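# Examining the three-dimensional arrangement
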Amino acid sequence: MLLYYLEMIGTAVFAATGVLAVKRQGLDVIGGLILGVVAALGGGTVRDMAIDAPVFWIRDFNYVWVAVVAALVAFFFKRPSLRHRPLLYLDAWGAALFAVVATDKVLALQLGAPVAVTMGVLTGIGGGLLRDILAGRPTLLMSREIYATPILLGCVLLVLLRHATPGLAYSGLAALAFIGGLRSCALYWSLQMPAWLTSREDAPRDAAE
Amino acid sequence: MLLYYLEMIGTAVFAATGVLAVKRQGLDVIGGLILGVVAALGGGTVRDMAIDAPVFWIRDFNYVWVAVVAALVAFFFKRPSLRHRPLLYLDAWGAALFAVVATDKVLALQLGAPVAVTMGVLTGIGGGLLRDILAGRPTLLMSREIYATPILLGCVLLVLLRHATPGLAYSGLAALAFIGGLRSCALYWSLQMPAWLTSREDAPRDAAE
Amino acid sequence: MLLYYLEMIGTAVFAATGVLAVKRQGLDVIGGLILGVVAALGGGTVRDMAIDAPVFWIRDFNYVWVAVVAALVAFFFKRPSLRHRPLLYLDAWGAALFAVVATDKVLALQLGAPVAVTMGVLTGIGGGLLRDILAGRPTLLMSREIYATPILLGCVLLVLLRHATPGLAYSGLAALAFIGGLRSCALYWSLQMPAWLTSREDAPRDAAE
């Protein structure tokens, strides 16, 4: 099934970007391995525990194997020049895929559209948050980068499309394209949230530095 | 039902104080929104996952709506002078309410008084801990402020009262007044834990600065 | 039952080392108490929530009592000279015990050997990770110390032994000795991961300092 392979690709991308993001801080292979796996599977794990569903990687350990391999490859990958840029775009589409799949998964459980959106966002950003917390880095919530916003808007768009046209198969693709595209644009043009949507910084941004 | 509305007020207060606590660090509206919602609902979420109960805001999403609105209001609220003091008192009573309600909820599940106290404390401080972790701030556990202590003592008081006088309806109010009152006094007089209850600081308090 | 008492000893050791590790940062007794209990019970709690088993200390609160007493003793223990070295060896054997017991527990649930290894590692290091996160300290994942590696290898060894000789009672002891022994050697000779298993530090190790 196509979706399954796409999920595996998303898992590998998250594990790789997770390792590359912390690699410069100088850690050993086991630490990098754990952080990469957490980045790839953490969001979905918290989601499944919250909705009291069986944790997805316990039922199908292939998710973990893919994350492990990708994390190890990224750890021993020696080209710092390639560290971020290209993978960040892949990461954007991986997050989009995870968020869309999670939103549909929760919608199918009849838990309601708002819960589905919440879980979609949690799945899209949860892994990265856990990775940053374990690595002692400021989380993306404290940065001005546009990361969570497209995911939130895209999950809202998806539930609206599902509600408006239940049968439409392309709703997921539309939300996927919206999230991945918006995030890609933010990356390409280094967009930041406008000032009026950002709190004054009348204090040193200790947590964000 | 009165208790329900009180819980909603407590949720709103936690979300607002959660946002105001991190606002100075300069973050965008989505980050503030997520941190406020986590501060308001995080403790109860972990509690429900630990006792394997359905997560409360999944069954009744109004908790999330209230937290979202309160977080947004607090984020765009422009009077820094009003930032902390008054809301800290409200926060104290919100934490007291959450702890008391959680303790009674777990007592009703027949999980035992010690578990009830543990979950009461977890619910009272969990949201704030998660918010500080996500915001990269030192958690209240590392500060000398008297915050967790009244909650712990109040939850113990509540289970003792429930055990001594099962029928008494005022036990909850007594514990509520004890926690909120003690915390308010600590705030008003800027009380700190006595030295003999505090570990020597023979090393820079890196984590607490 | 011997195993039960060993688990209690491991719990006490984890709570004590958890408190001693953060004591220098200067915190009050309640903060130390909570951090010690989290260090002792956090890993197993996350494990039980992930495999959807009843949280072990909710069913048997003695684990918490032991952790509370050990944390308080460690907090008021006044000999800084004795702070770390000896307890670190006990800590190594406590982690080994927790990991082995958790691996066998998950194997018994028929969740598969890879899940068992994952949960064994999670149980062995989870409490320490949560403690460091709550205390605002860099987690062991960002240090060069050899801590998670013996646990991971020992859990793999255990599932291999269980698979090869299902009836053999000594498999657990072998894995226990492997993990505790390897970690003890790493402590005694201050071993670090070899450079080729460690990522370059071409940037200040902010998170790890």
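Residues numbered from 1 in each chain as written. Chains lettered and ligands numbered in written order. Predicted model: local features only at pLDDT ≥ 70, side-chain atom pairs only at ≥ 80, totals over all residues. Heavy atoms only, no water.

### Comments concerning the relation of the copies chain A and chain B
Superposing chain A onto chain B requires a rotation of 120° together with a translation of 0.0 Å along the rotation axis, leaving an RMSD of 0.0 Å. Within this description, the copies of the chain are treated as partners about a three-fold rotation axis. The fraction of interface residues of chain A whose copies in chain B are also interface residues is only 9%, indicating that the copies meet through different surfaces. (Least-squares fit on C-alpha atoms with pLDDT ≥ 70 in both. Contact = heavy atoms within 4.5 Å.)

### Looking at the interface of chain A and chain B
Chain A puts 33 residues into the contact, and the matching count from chain B is 27 residues. One can count zero salt bridges joining chain A with chain B. Taken together, chain A and chain B are joined by two residue pairs in polar contact (both at pLDDT 80 or more). Of all the elements in the fold, those that place two or more residues in the side of chain A that touches chain B are α2 (29-50), α6 (113-135) and α7 (148-164) of chain A. Tallying contributions element by element places α6(A) first for the side of chain A that touches chain B, with seven residues. Residues that form the side of chain A that touches chain B fall into these classes: 19 nonpolar, six polar and eight charged. (Salt bridge = Lys/Arg side-chain N within 4 Å of Asp/Glu carboxyl O. Polar contact = N/O pair within 3.5 Å; in protein donor to acceptor, adjacent residues only side chain to side chain. Helix = DSSP H or I, 4+ residues; strand = E, 2+ residues; numbered from the N terminus. Nonpolar A, V, L, I, M, F, W, Y, C, P; charged D, E, K, R; others polar.)

### Let's talk about the UniProt feature "domain: Glycine transporter" (unreviewed entry) in chain A
Within this structure's numbering, the places UniProt gives as "domain: Glycine transporter" (unreviewed entry) are residues 5-78 and 89-162 of chain A. As a span, residues 89-162 of chain A carries 78% helix and 0% strand, and end to end its C-alpha atoms are 26 Å apart. (UniProt positions renumbered as here; feature names shortened; annotations may be inferred.)

### Brief notes about the confidence of the model for chain A
One rule of thumb: low pLDDT means the predicted coordinates there are not for detailed reading. Residue and element names in this part refer to chain A. Across chain A, the average pLDDT comes to 87, with 92% of residues at 70 or higher. Note on residues 202-209: pLDDT under 50 across the span, and 16 contacts to partners over four residues away in sequence or across chains. Two numbers describe this predicted complex: its pTM, 0.89, and its ipTM, 0.87. (pLDDT = per-residue confidence, 0-100.)

### Points about the UniProt feature "transmembrane region" (unreviewed entry) in chain A
The sites that carry the UniProt feature "transmembrane region" (unreviewed entry) are, in the present numbering, residues 6-22, 29-46, 61-77, 89-109, 115-134, 146-164 and 170-191 of chain A. Spanning residues 61-77 of chain A, this segment combines 88% helix with 0% strand, and its end C-alpha atoms are found 24 Å apart.

### Let's talk about the interface of chain C and chain A
On the chain A side, the residues contacting the 33 residues of chain C number 27 residues. For the pair chain C and chain A, the two sides together bury roughly 2500 Å², of which 70% comes from carbon and sulfur. Between the two partners, chain C and chain A, sit zero salt bridges. Where chain C packs against chain A, one counts two residue pairs in polar contact (both at pLDDT 80 or more). Of all the elements in the fold, those that place two or more residues in the side of chain C that touches chain A are α2 (29-50), α6 (113-135) and α7 (148-164) of chain C. Counting residues per element, the side of chain C that touches chain A draws most heavily on α6(C), which supplies seven residues. (Buried area = accessible area lost by both parts, 1.4 Å probe.)

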